[in-house]
Amino acid sequence: MRRWAAVAVAAVLGVGVAAWSDTDGAGSSEAGSRGATPRAVRSAREMDRLLSPNTPGGEPLQPIPDSRKDETSGTKAVAPGAPVLNVMREGTLIVDRTGRIHKSADGQWMEFSFDSDGAAMKDPPVVLLPNLKLMAIENELARGGRELRFRITGSVTEYRGRNYILLDKVVVAPEAVK
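Here's a quick rundown of the structure. (Residues numbered from 1 in each chain as written. Predicted model: local features only at pLDDT ≥ 70, side-chain atom pairs only at ≥ 80, totals over all residues. Heavy atoms only, no water.)

## Structural notes on the overall build of the protein chain
Link 1 in the chain: A count of helical and extended segments in the protein chain gives three helices and five strands.
Link 2 in the chain: Overall, the protein chain shows an N-to-C arrangement of helices and strands of α-α-β-β-β-α-β-β.
Link 3 in the chain: Put simply, the protein chain has 178 residues, and 24% of those count as buried.
Link 4 in the chain: Considering only residue pairs separated by 6 or more positions, the protein chain has 46% of its internal contacts joining residues 24 or more positions apart.
Link 5 in the chain: Summed over its atoms, the accessible surface of the protein chain is roughly 13000 Å², and 59% of this surface lies on carbon and sulfur atoms. (Helix = DSSP H or I, 4+ residues; strand = E, 2+ residues; numbered from the N terminus. Buried < 20%, exposed > 50% of the residue type's maximum accessible area, 1.4 Å probe, protein only. Contact = heavy atoms within 4.5 Å. Areas by Shrake-Rupley, 256 points an atom, 1.4 Å probe, with all protein chains shown as cover.)

## Here's the deal with the pattern of salt bridges
Link 1 in the chain: Counting across every chain of the model gives five salt bridges.
Link 2 in the chain: When the shortest N-O distance is used, the salt bridge between E147 and R100 registers 3.3 Å. With E147 in the loop between helix 3 (132-143) and strand 4 (149-159) and R100 in strand 1 (residues 93-103), this pair connects stretches of sequence that are 47 residues apart.
Link 3 in the chain: For the salt bridge of R162 with E111, the shortest nitrogen-to-oxygen distance reads 2.6 Å. With a gap of 51 residues between them, R162 in strand 5 (residues 162-172) and E111 in strand 2 (residues 110-114) connect regions that are remote in the sequence. (Salt bridge = Lys/Arg side-chain N within 4 Å of Asp/Glu carboxyl O.)

Below is the structure:
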């Protein structure tokens, strides 16, 4: 009985020593002539090297300068003396805003122009990003001869001083009662 206990203790100690001195077989460049370096120590050294700010491999991306002006307004607008309009921040959610949809000046994009809500809002038109909602809008515009107002919900993106919106919901707004 004592013999089995002694064999079990020796096995546990042997496994512990083997795990502590485990190397990748070829040794590491850090070990050099000092012998084998334990895996945990090598991992910690490797992590320190990877996290150090002096690692070669390029510079981190710099923040984009804050250009809060719509590129299609102000001096770049067609009308002289046009007001300079601010750009909405990327990630802004537009919820149930009404307006009209039309082709952009170059004819390549569909744009949404916001209706004013009486608070002197000056939101520039946003470009509608292609998706199934935009396809439904284009089909509705092609079907009817009248100008339609839409109520939209979606996420705003920003690119080169212009706002774009990815539509989540589109509803034809009821005509105002006159």
